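Tertiary structure, described
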Amino acid sequence: MMEEHYHQADKFRWSLNSFIRALKEVEQLLVMELQQHKEVALWYKSEKEKLSQTPFISKLFKHRDYIVHRSMLKPESKGTVGYTRGRGLKLGLTIPIDPLSDSQDAIIGYIRHAAETEDFLGILYTEEDGSGEYTCVQREWMLADFPGQELTQLTAQAWQAVAKLALETATKLGAHVIEPKIELGNPNQVQFEIYAPDWVKAEFEKAKKEMQDLESK
């Protein structure tokens, strides 16, 4: 869900907060299930303490307590407005993106700036010319605690660590299990939001008209 809503700020944050809550609550459910299995419970307690000492797991667990008792977690966000040919960013301008704003807000902000001055980067593709080049926003989500680490990558590591412990616990209880796996999407697809030339043209024309109306007042 975080990948699916990567460019929709509210839905992304909701998915992130839900994931962080579930991450720690899996451990709590296992503790309850092991009440009648003393030996496994002792082993699990030791393994749980080791896992909780892992820096990124420890921090996510603390964030879970903040989410439950205080408010939603607000991660950091940055992005680049530019253009792509479908395989990464070709040219762009890196800007901070408000964690409460959608990626589309970033390109609209650039369009308004371009309408007032000019598209000095040449990234606003307003016609389908067959080149395969499109205006885009490349976005990244992060936590301040782990600068430089993209957030879906970080949470996937946490998922794998907790899933591994849950799998080992189930095995000790005699269950026949299938190892769970998580596969992240291609960053060149997940992190990019591409805008159709006709949409860019319409927004650009609208922004220019707004500028003209302001000047005429």
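Described in the following lines is the structure provided in the data block.

About the cut-offs
- Sequence positions are assigned chain by chain, starting from 1 and proceeding in written order.
- A pLDDT threshold of at least 70 governs which residues receive local features in this predicted model, and a stricter bar of 80 or more applies before side-chain atom pairs are shown or counted, although totals over entire chains, interfaces and linings include all residues.
- Water and hydrogen atoms play no part in the side-chain values, which are based on all heavy atoms of the structure.
- The numbering of helices and of strands both runs from the N terminus, where a helix is a DSSP run of H or I of at least 4 residues and a strand a run of E of at least 2.
- Three exposure classes are used, based on accessible area relative to the maximum for each residue type with a 1.4 Å probe and protein chains only: buried under 20%, partly exposed in between, and exposed over 50%.
- Counted as a polar contact is a pair of N or O atoms within 3.5 Å, where, for protein atoms, one must be capable of donating a hydrogen and the other of accepting one, and residues adjacent in sequence contribute only when both atoms are in side chains.
- By the convention used here, residues are in contact when the closest approach between their heavy atoms is within 4.5 Å.
- Throughout, the protein atoms alone are placed on a 1 Å grid, and a set of points is a cavity if a 1.4 Å probe fits but cannot get out or a pocket if it is open with protein on both sides within 12 Å along at least five of seven lines; lining residues have an atom within 4 Å of a point.
- Grid points are joined across faces, edges and corners, and a volume is the space filled by probe spheres set on the points.
- All amino acids are sorted into three groups, where Ala, Val, Leu, Ile, Met, Phe, Trp, Tyr, Cys and Pro are nonpolar, Asp, Glu, Lys and Arg are charged, and the leftover types, Gly among them, are polar.
- In this analysis, axes come from line fits to C-alpha atoms, helices being fitted only over the stretch in contact, and the angle between any two N-to-C directions falls in the range 0 to 180 degrees.
- Under this scheme an angle from 65 to 115 degrees is roughly perpendicular, one under 35 degrees roughly parallel, and one over 145 degrees roughly antiparallel; angles in between are oblique.
- What makes two strands pair is DSSP finding at least two bridges between them.
- Note on terminology: a nonpolar core comprises buried Ala, Val, Leu, Ile, Met, Phe, Trp, Tyr and Cys residues joined through side-chain atoms within 4.5 Å.
- Centre distance within 6.5 Å is the pairing criterion for rings of Phe, Tyr and Trp, where only the six-membered ring of Trp is used; planes under 30 degrees apart are then read as stacked, over 60 as edge-to-face, and the remainder as tilted.

Within the secondary structure, Glu133 sits in the loop between α4 (103-116) and β3 (134-142). The class of Glu133 is buried, set by a relative accessible area of 12%. In terms of polar contacts, Glu133 uses its side chain to reach the side chain of Arg85, at 2.5 Å. Residues in contact with Glu133, not counting those within four places in the same chain, are Tyr83, Thr84, Arg85 and Tyr125.

Estimated volume of the largest pocket: approximately 230 Å³. Mapped by element, the contributors of at least two residues to the lining of the largest pocket are α1 (9-33) and α5 (151-172). Across the lining of the largest pocket, the residue classes break down as 8 nonpolar, 4 polar and 1 charged.

Once that is clear, we can look at the packing of helix α2 (residues 38-52) against α5. Viewed as axis vectors pointing N to C, α2 and α5 meet at an angle of 170 degrees, and their least axial separation amounts to 11 Å. Considering the angle they form, α2 stands roughly antiparallel to α5. In contact with Val40, Trp43, Tyr44, Glu47, Lys48 and Leu51 of α2, α5 contributes Ala161, Val162, Leu165, Glu168, Thr169 and Lys172. Within the contact of α2 with α5, the residues separate by chemical class into 7 nonpolar, 1 polar and 4 charged.

Next up on the list: the sheet that holds β3. Across the sheet, 4 strands lie side by side as β2-β1-β3-β4; this open sheet has antiparallel pairing. Two strands close off the open sheet at either side, each with one partner strand: β2 (89-96) and β4 (192-195). Each strand axis lies, on average, 25 degrees off the axis of its neighbour in the sheet, ignoring direction. Here β3 pairs with β4 via 4 bridges, running antiparallel.

In this structure, Ile20, Leu23, Ile57 and Leu151 are the most contacted members of the largest nonpolar core, which totals 28 residues. Within the residue set of this core, elements represented by two or more residues are α1, α2, α3 (55-69) and α5. Top element by residues in this core is α1. It accounts for 7 residues. With sequence-adjacent residues up to four places away left out, Ile20 is seen in contact with Leu60, His63, Arg64, Ile67 and Leu73. Judged by nonpolar contacts, the second largest core, of 20 residues, contains Ile108, Ile111, Tyr195 and Phe204.

Our focus in this paragraph is the packing of aromatic side chains. Counted under the stated rule, the structure contains 5 aromatic pairs. Judged by centre distance (4.4 Å) and plane angle (10 degrees), the rings of Phe12 and Trp141 are stacked. Placement of Phe12 in helix α1 and of Trp141 in strand β3 is noted, with a sequence separation of 129 residues between them. Residues Tyr195 and Trp199 carry aromatic rings whose centres are separated by 5.2 Å and whose planes lie at 25 degrees to one another, so their mutual orientation is stacked. We classify Tyr195 as buried; its relative accessible area is 4%. In this structure an aromatic cluster arises from ring pairing among Tyr6, Phe12 and Trp141.

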